[in-house]
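Reading the structure
Chain by chain, the residues:
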Amino acid sequence: METTDRETLRRFIEQVDPNAKVDALPDYVHDDIVLPADTLPNGRQGIEGLREHLEYLPTVIEYTSTVRQMVAEGDKVAAHIVIRGKQIGDFMGIPASGQEWAIEEMLIAQFRDGKISQVWRVADLLSLMQQLGAASSEAVGAES
Amino acid sequence: MSTTENRAAILRLYDAINSADQERIDREMAETVHPDVVLHTSLPTDAPGAEGMKERLAALRRAFPDFHLAVSDAIGEADKLVTRNTITGTHHGEEFGFAPTGRSFVIEEIMLYRFEHGRVVEINGVVDIFSQLQQLELLAV
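Summary of the structure given here.

Describing the packing of aromatic side chains
This model, assessed by the stated rule, comprises 3 aromatic pairs over all chains. Arranged with centres 6.1 Å apart and planes meeting at 50°, the rings of Phe 12 of chain A and Tyr 28 of chain A form a pair that is tilted. Of the two residues, Phe 12 of chain A sits in helix H1 (residues 2–16) while Tyr 28 of chain A sits in helix H2 (residues 25–28), which places them 16 residues apart along the sequence. Look at Phe 12 of chain A and you get buried, because its relative accessible area is 8%. When the centroid spacing of 5.0 Å and the interplanar angle of 75° are considered together, the rings of Phe 64 of chain B and Phe 105 of chain B count as edge-to-face. Here Phe 64 of chain B, found in the loop between helix H3 (49–63) and strand S2 (68–77), pairs with Phe 105 of chain B, found in strand S4 (residues 104–116); they are 41 residues apart in sequence, far enough to count as distant. Each member of the pair, Phe 64 of chain B as well as Phe 105 of chain B, is classed as buried.

Looking at helix H3 (residues 46–60) of chain A
All names here are of chain A. The end-to-end C-alpha separation of H3 is 22 Å, in line with the 21 Å expected for 15 residues at 1.5 Å each. Along H3, the positions that sit buried rather than exposed are Gly 46, Ile 47, Gly 49, Leu 50, His 53, Leu 54, Leu 57 and Val 60. With its buried residues spanning 155° around the axis, H3 presents them on a single face.

Definitions and limits used
Numbers given to residues run from 1 along each chain, matching the order in which its sequence is written. To read the labels, note that chains go from A and ligands from 1, taken in the order they are written. Under the rules for a predicted model, residues below a pLDDT of 70 receive no local features and side-chain atom pairs below 80 are neither given nor counted, while totals for whole chains, interfaces and linings still include all residues. The side-chain numbers reported here are obtained from all heavy atoms of the structure, hydrogens and water having been left aside. Only centres within 6.5 Å qualify two rings of Phe, Tyr or Trp (six-membered ring in Trp) as a pair; their planes then separate them into stacked at under 30 degrees, edge-to-face at over 60, and tilted for everything else. What counts as a helix is a DSSP run of H or I of at least four residues, what counts as a strand is a run of E of at least two, and both are numbered from the N terminus. Residue burial is assigned from relative accessible area. The probe radius is 1.4 Å, only protein chains are included, and a residue is buried under 20% of its type maximum, exposed over 50%, and partly exposed in between. Multiply 1.5 Å by the residue count of a helix minus one, and that product is the helix's expected span. As used here, the arc belongs to the directions running from the helix axis to the C-beta atoms.

Here it is, written out as structure tokens:
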């Protein structure tokens, strides 16, 4: 079961999500999936919230995701992901720039009957903002 | 080391960090973290390895005297352990070059520890510094 969940999550991260394959969502996630509160564009929950998310992102960024490592135990699978992309639309208040970027993300998915029931994730948005030239990085980099 | 022992070691380290007791932190760091640990945590450090990690922890304690880390989830497999943590603190000292704001934050981080011969040799993690700076009102985005 764990092997299956692991493979399901990898396919979701690398194939379904970056290609916005919304029609495939019912094969991967439960209708009542719990998403992070800051899920773009408006934090809507459930499979409809995820559908909105995957339909929104391609309007602002093009990206690919690569799973670097996975750690699985019980009903949870954690993934260390590298996301590489290009900004093509207004994104988080930043005008479209065409700027290319790469950030890391850590994600934990909880599974029930082979499908994802909840997701927790932390993406390095500060690094993204710095690469898009939107966050003043001088102060944060001052110690390094 | 089993995943159970790895988990216990990281939880002991977190407890020591929360205690703010430098002797305890030094002891748990020495026991759990390899001196040449490789850090990929998006946090600036002045030195590599365990020394840099200790300096970062000390800087956090100075900036946020009530700094606290609570484990929400721990997932272990083979030589790896992932923890999802909720971090809270109030900004009473200089951090990232910013003067104290007196404001508080609640953020999440997910850390992935790789063990070798009973000690952590690599840490990959993402800390939601973006949200932290937003909550401290230190980011103009």
